[in-house]
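# Structural description and commentary
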Amino acid sequence: MKKKFLNLSPKMKNLLMAKWIKQYVKRGLSLQDAQHAARWKAGEWKLSERMRNILASIDEL
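Residues numbered from 1 in each chain as written. Predicted model: local features only at pLDDT ≥ 70, side-chain atom pairs only at ≥ 80, totals over all residues. Heavy atoms only, no water.

### With respect to the environment of Ala38
Within the secondary structure, Ala38 sits in helix 2 (residues 31-41). It is 8.4 Å that separates the C-alpha atoms of Ala38 and Ala18, two residues lying 20 residues apart in sequence. (Helix = DSSP H or I, 4+ residues; strand = E, 2+ residues; numbered from the N terminus.)

### A look at the pattern of salt bridges
Summed over the entire model, instances satisfying the criterion amount to one salt bridge. Residues Arg50 and Asp33 are paired through a salt bridge, measuring 2.9 Å at the closest nitrogen-oxygen approach. One end of the pair, Arg50, is in helix 3 (residues 49-57); the other, Asp33, is in helix 2, with 17 residues separating them in the sequence. On the accessibility criterion, Arg50 (47% relative accessible area) is partly exposed. Residue Asp33 is classed as buried on the basis of its relative accessible area of 11%. (Salt bridge = Lys/Arg side-chain N within 4 Å of Asp/Glu carboxyl O. Buried < 20%, exposed > 50% of the residue type's maximum accessible area, 1.4 Å probe, protein only.)

### A few points about the confidence of the model for the protein chain
Summarising the model, the protein chain shows a mean pLDDT of 87, and 93% of its residues fall at 70 or more. Within the protein chain, the element-level pLDDT minimum falls on helix 3, averaging 88, and the maximum on helix 1 (residues 10-26), averaging 93. (pLDDT = per-residue confidence, 0-100.)

Written out as C-alpha coordinates, the structure is:
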(Lines give C-alpha, C1' and ligand atoms only; values in the text may rest on other atoms or scores of the structure.)
Protein backbone atom coordinates (compact mmCIF):
# COMPACT_ATOMS: atom_id res chain seq x y z
CA MET A 1 0.00 0.00 0.00
CA LYS A 2 1.35 3.42 -0.95
CA LYS A 3 2.05 5.93 1.77
CA LYS A 4 -0.01 9.08 1.67
CA PHE A 5 1.85 12.10 0.34
CA LEU A 6 1.56 13.99 3.62
CA ASN A 7 3.26 11.13 5.49
CA LEU A 8 6.34 11.08 3.26
CA SER A 9 9.67 12.54 4.32
CA PRO A 10 10.59 15.95 2.88
CA LYS A 11 13.19 14.32 0.61
CA MET A 12 10.65 11.87 -0.80
CA LYS A 13 8.09 14.68 -1.27
CA ASN A 14 10.64 16.63 -3.32
CA LEU A 15 11.51 13.59 -5.44
CA LEU A 16 7.86 12.79 -6.09
CA MET A 17 6.99 16.41 -6.93
CA ALA A 18 9.94 16.58 -9.36
CA LYS A 19 8.78 13.35 -11.01
CA TRP A 20 5.23 14.68 -11.42
CA ILE A 21 6.48 18.00 -12.82
CA LYS A 22 8.66 16.20 -15.38
CA GLN A 23 5.72 14.04 -16.43
CA TYR A 24 3.47 17.07 -16.89
CA VAL A 25 6.13 18.97 -18.89
CA LYS A 26 6.55 15.92 -21.15
CA ARG A 27 2.79 16.00 -21.74
CA GLY A 28 3.00 19.56 -23.01
CA LEU A 29 2.36 21.81 -20.01
CA SER A 30 4.49 24.85 -19.27
CA LEU A 31 6.76 24.61 -16.24
CA GLN A 32 4.48 26.88 -14.20
CA ASP A 33 1.36 24.89 -15.09
CA ALA A 34 3.21 21.65 -14.35
CA GLN A 35 4.14 22.97 -10.90
CA HIS A 36 0.52 23.94 -10.20
CA ALA A 37 -0.68 20.52 -11.36
CA ALA A 38 1.86 18.76 -9.13
CA ARG A 39 0.77 20.82 -6.12
CA TRP A 40 -2.84 19.88 -6.87
CA LYS A 41 -1.91 16.20 -7.20
CA ALA A 42 -0.16 16.39 -3.83
CA GLY A 43 -3.36 17.73 -2.29
CA GLU A 44 -1.91 21.11 -1.38
CA TRP A 45 -3.87 23.36 -3.76
CA LYS A 46 -7.34 23.57 -5.18
CA LEU A 47 -7.72 23.92 -8.92
CA SER A 48 -8.60 27.18 -10.56
CA GLU A 49 -10.99 27.01 -13.49
CA ARG A 50 -8.09 27.57 -15.90
CA MET A 51 -6.05 24.70 -14.42
CA ARG A 52 -9.12 22.47 -14.38
CA ASN A 53 -9.49 23.06 -18.15
CA ILE A 54 -5.77 22.44 -18.78
CA LEU A 55 -5.75 19.16 -16.84
CA ALA A 56 -8.96 18.05 -18.51
CA SER A 57 -7.32 18.63 -21.90
CA ILE A 58 -4.52 16.16 -21.04
CA ASP A 59 -6.99 13.68 -19.48
CA GLU A 60 -5.63 14.09 -15.95
CA LEU A 61 -8.96 14.78 -14.24
